[in-house]
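So you can see what is in the structure, the chains are spelled out below.
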Amino acid sequence: MLMSNTPSLENYWMPFTANRQFKAAPRLLASAKGMYYTDVDGGQVLDGTAGLWCVNAGHGREKIADAVARQLITMDYAPSFQMGHPLAFDFAEKLAAHAPGGKKAGLTKVFFTGSGSESVDTALKIAIAYQRAIGQGTRTRVIGRERGYHGVGFGGISVGGLVNNRRVFPLLPGTDHIRHTHDPVRNSFVKGLPEHGADLADDLERLVALHGAETIAAVIVEPVAGSTGVLLPPKGYLERLRALSQKHGILLIFDEVITGFGRLGTPFAVDYFGVVPDLVTTAKGLTNGAVPMGAVFASETIYGALMHGPESQIELFHGYTYSGHPVACAAGLATLEVYQEEGLLTRAAAMADHWQDAIHSLKGLPGIVDIRTIGLVAGIELASRPDAVGARGYDVFTDCFKNGLLVRVTGDIVALSPPLIIEKEQIDTIVSMLGDAIKKAA
Ligand code: PLP
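Residues numbered from 1 in each chain as written. Predicted model: local features only at pLDDT ≥ 70, side-chain atom pairs only at ≥ 80, totals over all residues.

### Considering the overall build of the protein chain
Our working definition: Only DSSP runs of H or I reaching four residues or more are called helices, and only runs of E reaching two or more are called strands; each is numbered from the N terminus. Our radius of gyration looks at C-alpha atoms and nothing else; its globule reference is 2.2 Å times the residue count to the power 0.38. Neighbour density around each residue's C-beta defines its exposure: 20 or more other C-beta atoms within 10 Å make it buried, 12 or fewer make it exposed, and counts between make it partly exposed, where C-beta atoms are placed from the backbone. Note on contacts: residues are paired as contacts if their backbone-placed C-beta atoms lie within 7 Å.
Counting its secondary structure elements, the protein chain contains 16 helices and 15 strands. The C-alpha radius of gyration computed for the protein chain amounts to 22 Å, which stays within 12% of the reference 22 Å derived for 442 residues, consistent with globular compactness. Referenced to the eigenvectors of the C-alpha coordinate spread, the extents of the protein chain come out at roughly 65 × 55 × 45 Å. By the burial criterion, 48% of the 442 residues in the protein chain qualify as buried. Put simply, of all contacts in the protein chain between residues at least 6 apart along the chain, 73% involve residues at least 24 apart.

### What about the packing of helix α4 (residues 86–97) against helix α13 (residues 326–341)?
How we decide: Here an angle of 0 to 180 degrees is reported between the N-to-C directions of two axes, which are lines fitted to C-alpha atoms, with helices fitted over the stretch in contact. Handedness of each helix crossing follows the sense of rotation of the near helix against the far helix: counterclockwise by less than a right angle gives left-handed, clockwise gives right-handed.
Where α4 meets α13, the axes come as close as 9 Å, and the angle between the chain directions of the two elements is 35 degrees. At the point where α4 passes α13, the crossing takes the left-handed sense. Touching L87, A88, D90, F91 and K94 of α4 are P326, C329, A330, G332, L333 and L336, all from α13.

### Remarks on the packing of helix α3 (residues 62–74) against α13
Any two packed helices are characterised by the angle at which their axes cross and by the distance between the axes. Applied cut-off: Here roughly perpendicular refers to angles of 65 to 115 degrees, roughly parallel to angles under 35, roughly antiparallel to angles over 145, and oblique to all remaining angles. Following the grouping adopted for this structure description, the nonpolar residues are Ala, Val, Leu, Ile, Met, Phe, Trp, Tyr, Cys and Pro, the charged ones are Asp, Glu, Lys and Arg, and the polar ones are all others, Gly among them.
For the pair α3 and α13, interaxial distance at closest approach is 8 Å and the crossing angle is 155 degrees. As summarised for this structure, α3 and α13 are arranged roughly antiparallel, according to the angle between their axes. Handedness of the crossing formed by α3 with α13: right-handed. Of the residues in α13, those touching α3 at K63, I64, A67, V68, Q71 and L72 are P326, V327, A330, A331, L333, A334, T335, E337 and V338. Of the residues belonging to the contact of α3 with α13, the class tally is 11 nonpolar, 2 polar and 2 charged.

### Quick word on the site of the ligand
The following threshold applies: For each residue, a C-beta atom is placed from the backbone, and the residue counts as near a molecule or strand when that atom lies within 6 Å of it.
Close contacts around the ligand come from 14 residues, with S115, G116, S117, G151 and V257 the closest. Counting residues per element, the shell around the ligand draws most heavily on helix α5 (residues 116–133), at 3 residues. Here the residues of the shell around the ligand are counted per class, giving 5 nonpolar, 7 polar and 2 charged.

### Some remarks on the domain arrangement of the protein chain
Under the convention used in this document: All domain edges in this entry derive from an automatic or database-based domain assignment.
Along its sequence, the protein chain is organised into domain 1 (19–57 + 343–440) and domain 2 (67–341). In this structure, domain 1 and domain 2 have C-alpha centres spaced 26 Å apart. Here the side of domain 1 that touches domain 2 is built from residues that sort into 18 nonpolar, 9 polar and 5 charged.

### Some thoughts on the nonpolar core
To be explicit about the condition: Here a nonpolar core is just a set of buried residues of the types Ala, Val, Leu, Ile, Met, Phe, Trp, Tyr and Cys, joined wherever their C-beta atoms sit within 7 Å.
Counting residues in each nonpolar core, the largest one holds 120 residues, and the members touching the most others are A127, A218, L279 and V414. Top element by residues in this core is α13. It accounts for 8 residues. Of the domains in this structure, domain 1 (19–57 + 343–440) and domain 2 (67–341) are the two that each give at least three residues to this core. Residues in contact with A127, not counting those within four places in the same chain, are V142, A217, A218, L251, I253 and L279.

### Some points on the sheet that holds strand β14 (residues 408–410)
What links the strands of a sheet is backbone hydrogen bonding, and the strands pair in either a parallel or an antiparallel sense. Threshold: Being paired, for any two strands, means DSSP has found at least two bridges between them.
With respect to topology, 4 strands assemble into an open sheet ordered β11-β12-β15-β14, the strand pairing being antiparallel. Where the open sheet ends on each side, the last strands, each with one partner, are β11 (368–374) and β14. Sheet twist, expressed as the mean angle between neighbouring strand axes with direction ignored, is 20 degrees. With 6 bridges joining them, β11 and strand β12 (residues 377–382) adopt antiparallel strand pairing. Residue pairing across strands places I374 opposite V377, the latter belonging to β12. Along the sheet, helix α15 (residues 391–402) contacts β12, β14 and β15 (413–416); its crossing angle with β14, the most-contacted strand, is approximately 175 degrees.

### Description of the pairing of strand β7 (residues 216–221)
For clarity, the threshold we go by: Handedness of a crossover is defined as follows: with both strands directed away from the viewer, a clockwise route from the first strand across the helix to the second makes it right-handed.
Burial within β7 is extensive, with 6 of its 6 residues counted as buried. With 3 bridges connecting them, strand β5 (residues 141–145) and β7 associate as parallel partners. The residue of β7 that forms the bridge with R141 is I216. Bridge analysis of β7 against strand β8 (residues 251–255) gives 4 bridges, and the strand direction is parallel. Residue pairing across strands places I220 opposite I253, the latter belonging to β8. Between the parallel pair β7 and β8, the chain is carried across by helix α10 (residues 237–247), and the sense of this crossover is right-handed.

In structure tokens, the structure reads:
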């Protein structure tokens, strides 16, 4: 049945949506404030997913809205090829001051993009360009990981490991994958990082033996895989991947599009795990989701290696019309201020124990086969119904929404990632509503 305030649904081809199913029973949001959406019929929906892992400071932040409005009137757009504007430099400088791993990690060179997918393609291209610049031009292969998600560009789906993203489209040649780390048999219901699986990083050695290190430019992983079901790195895994990539002259890229900007209780996953890669991709929380934007943090070494040749030469032949967009920079600068003023980049650490206990209290409900939490993220894995993968998850999702809670499902895994302003009572509400929906879907 259509809601009362439903516009015509004919023309909008919706992304990552079963269009016909949705249009037969739409879910339409009309406004948002703090932890809540309001739907077109006035119903309140508690946001258990920070929109799409991006509204870390909560909705309707006036400081961000004011900055955006002011910037639109002051200067709506400025080209960024062979031109600049102060806000882009200012934002890059402020980001560098809060760069993943702090100043000592040296990830202080910032390349702006328009999204997470663009950040991924940018990082892959920078890695290949860097290898060429240091005389390693045969290193053009990029390695991803099974069950990784790196957006939807051809680069991102080629290194990604999500079969539905890959089965229809041709992929870049010269890509390969290390094994994923998901091992619910050995690691189920573990609180904290999984004990088993650090050795899975050694799979990089297999690919080095197969292809030759001299063909491999970079390996990209999400420190915590989000979109494929909240998969946590086993203890010691990222350290091992760092050591192996270094040993073989392979750059390490962390895709922090989800984990960046406070999601784990530290500013970045680099800080959480104490492992420093060569490139970090971000987007989403960069502007609190208010204006599309991404940013790639590159090491000073990489930037330095590319700043060679005639000064009139463009060092990296890459960029977007909207790289460093002034309105996005204004949103990002205001977002960073909100994060700092309210301590949001570390707030998840203070909430993590309550979050973990509350989410793990669901253990024992029918159909739950694993629960994983870290920072303010959770994955609740449900057993798939025979011959109907995803059906149980979809039922949980629609039931939660009907009752006023937004969750996200990937197949039969429920993923939660609320705004970092969440209070304990709201965590308890999420858990109680989700528990009811899981019982109904049994
Ligand atoms: N990388 C990761 C780890 C993501 O989770 C996502 C989106 O969820 C992306 C890249 C793609 O970002 P976007 O949808 O902004 O292109």
